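So the chains spell out like this:
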Amino acid sequence: MNILLAAINAKYIHANLAVYSLRAYACKYIEEIEIAEYTINQPVDDILMDIYTHRPDILCFSCYLWNISYVEQLIREIPKILPDTKIWLGGPEVSYNAKDMLRDYPGLAGIMCGEGEGTFLELMEYYHTGTDVPEGATLSQIPGIVYRESEGNIQDTPPRPVLDLSTVPFVYEHIEDFRNRIIYYESSRGCPFSCSYCLSSIDKCLRFRDLELVKSELQFFIDHEVPQVKFVDRTFNCRHDHAMAVWRYIKEHDRGITNFHFEIAADLLNEEEISLIRSMRPGLIQLEIGIQSANEETIREIRRKMDLDKVEHIVAEVRENRNVHQHLDLIAGLPYENYDSFTKSFDRVYSMRPDQLQLGFLKVLKGSLMHEKTREYGLVYQNRPPYEVLSTNWLSYADIVRLKKVEEMVEVYYNSGQFRNTVGHMEKEFTGAFAMYSTLADYYDRNGLFRVSHSRISRYEILFRFLEEHTGRPDEYVQWLTLDLYLRDNVRNRPQFLPENKVSSDEAAAFYKSEEEERRYLKSYTGYDRRQMRKMTHLERLSGSLFLFDYRERDPLSGDAKLYIIEDQERKIDNEFS
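Some thoughts on the packing of aromatic side chains
- All chains considered together, the criterion is met by 36 aromatic pairs.
- Seen in terms of ring centroids, Phe220 and Phe221 are 6.2 Å apart; in terms of plane orientation they differ by 75°. Their pairing is edge-to-face. For the pair shown, Phe220 and Phe221 are each scored as buried.
- Chaining the aromatic ring pairs together yields one cluster made of Tyr20, Phe170, Tyr172, Phe178, Tyr185, Phe220, Phe221, Phe231, Phe236, Trp247 and Phe262.
- Over the ring of Tyr12 we find Arg181; its NZ or CZ atom is 5.2 Å from the centre of that ring.
- Of note, Arg239 hangs over the ring of Phe208, and the distance from its end group to the ring centre comes to 4.2 Å.

Take a look at the structure:
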């Protein structure tokens, strides 16, 4: 039998953990199971043609917000060219409206609802032509499915009991198949919280993978020098002993290469965990912390448990050591959060100085409590995925549009990390951070700068013109713009507003000659001569001082070049603004 598990990912660098877990769990049929991964950037016709070349007997799609529209297009066409292929769907985007999907798409055989490993294995046993199928077996005996009977009637079966997570085999044994891709890893399933906008809260059976298994699998990633492992656990640190065991292990076995990403609840961190985190190599881990709102009424209404004062304190404690990338999230469109309230939420979270601040917009997911309260909250949202909010009782569509523009400014001028020093000084010109990004968005709007692909240099030129209009003192910012520009790259084409480098050719030649002989600053450049060092670094005179940018030695968190001021005594500059 020919079985094809198809995944349509958002990007090539993503790997679909679900389809690999299904195949690994049904290992007795592994020789018959193929995996095909595509991306949403490929034409649907190309995906259709590739599926046709496989000519599967059974075709299973993994369905999510980002790919469901592609899957829907495909399942309209596949029955026309592969009429005998049994098409099954699974995943969060179809588990909560399975009967509707079967009614709307007559070519579907069925849908696996919820956890899929055990269900997929039993489906393989049902369809298999060998001796594995018990006599008289029917689809009605398989828990956790909605299916179409031969007469066309749609039936469902009781939910499947939850799976022992330790029984799911490790899927990355052939790590070479995942080269240049993000590795997703799962050490627990379920979530202890009940946030009304999230589907994870529906699965209240929180389970953990055996720690000895987890440690051996983490060691595999470390040994194979995987660049990044992203834990998909919904709240990684909800169990203290589990989190400590994992964090201790990766610290003790770190080889200086692999980065581990965790989604955590910051207010659950205790002093022991914080102390361990602060002792780690810079860049070993990164933390994603979903704050969502600073409005207490909103937090209560969405059933989220959070001590924001404690979150603020812990984020500051972790940040103080400058060894952990922290990513904080906000959601616009939540109940009781109007434009002014969201402004306050933004300013409070921004004041925590995260390495990244994601301004997201509410997705009204089928199956969530938020979806059930659509009328009560006056929620208007898009019919197409990702079902993003358009307006609420508290937020108009005009407000959403304004926030979208602010979001873009935050992405360009804050999250990129390319304007850190300039933005840090700009903030003093405004009543708050949100006001600054909102004013910048207005400037983009007035000058037709949105929906244009700008180069990095042009972003600097735009910011200079904005400062010229807003402050009338743009020259005060030239040194900060120059500093930010060269912290990232040794650019050859300077922005129009930037004067020529005041470091003369003779002065630079003398410096690199001295450096070749003494290695006062570029100590890691053994084996490089003065000409090579000159190409790999940059000298710039700012405020009367000589700045040396070393692109070989970069900050593991920000990616900025190591920076020195060349004076009588060497001293490293802290690139972070206060």
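Still to come is the rest of the account.
Overview of the packing of helix α8 (residues 271-278) against helix α10 (residues 308-320)
- Running from N to C, α8 and α10 point in directions that differ by 25°, and their axes come no closer than 9 Å. Taken together, the axis directions place α8 and α10 in an arrangement best described as roughly parallel. Crossing hand, α8 versus α10: right-handed. Contacts between α8 and α10 involve Glu271, Ile274, Ile277 and Arg278 from the former and Ile314, Glu317, Val318 and Glu320 from the latter.
- Class assignment for the residues of the contact of α8 with α10 results in four nonpolar, no polar and four charged.

Some points on the sheet that holds strand β15 (residues 356-361)
- Reading across the sheet, the six strands line up as β8-β11-β12-β13-β14-β15 and stay open at both edges, with parallel pairing between neighbours. Whereas interior strands pair on both sides, the edge strands pair on one side only; in this sheet they are β8 (183-185) and β15. Put simply, the sheet's adjacent strands are angled 25° from each other on average, direction ignored.
- Where strand β14 (residues 325-332) lies against β15, six bridges are found, and the strand directions are parallel.

A closer look at helix α18 (residues 478-488)
- With nine of its eleven residues buried, α18 lies for the most part within the structure.
- Restricting attention to buried positions, one finds in α18 the residues Val478, Leu481, Thr482, Leu483, Asp484, Leu485, Tyr486, Leu487 and Arg488.
- Buried positions along α18 lie against α15 (420-426), α17 (456-471), β18 (537-542), β19 (545-554) and β20 (561-566).

Considering the environment of Leu199
- Positionally, Leu199 belongs in the loop between β9 (188-189) and β10 (207-208).
- Considering only alpha carbons, one finds Leu199 and Leu369, 170 residues apart in sequence, at a separation of 8.6 Å.

Examining the sheet that holds strand β7 (residues 154-156)
- Reading across from one edge, β2-β1-β3-β4-β5-β6-β7 is the order of the seven strands in this open sheet, with mixed pairing throughout. Among the strands making up the open sheet, the edge pair consists of β2 (33-39) and β7. Sheet twist, expressed as the mean angle between neighbouring strand axes with direction ignored, is 20°.
- Against the sheet, helix α5 (residues 117-127) engages β1 (3-9), β2, β3 (58-62), β4 (86-90), β5 (108-112) and β6 (145-148), with an angle of about 145° to β5.

Definitions and limits used
Residues numbered from 1 in each chain as written. Predicted model: local features only at pLDDT ≥ 70, side-chain atom pairs only at ≥ 80, totals over all residues. Heavy atoms only, no water. Phe/Tyr/Trp six-rings, centres within 6.5 Å; stacked < 30°, edge-to-face > 60°. Buried < 20%, exposed > 50% of the residue type's maximum accessible area, 1.4 Å probe, protein only. Lys NZ or Arg CZ within 6 Å of the ring centre and 35° of its normal. Axes fitted to C-alpha atoms, helices over the stretch in contact; angles between N-to-C directions. Helix = DSSP H or I, 4+ residues; strand = E, 2+ residues; numbered from the N terminus. Parallel < 35°, antiparallel > 145°, perpendicular 65-115°, else oblique. Left-handed = near helix turned anticlockwise from the far one by under 90°. Contact = heavy atoms within 4.5 Å. Nonpolar A, V, L, I, M, F, W, Y, C, P; charged D, E, K, R; others polar. Pairing = 2+ DSSP bridges.

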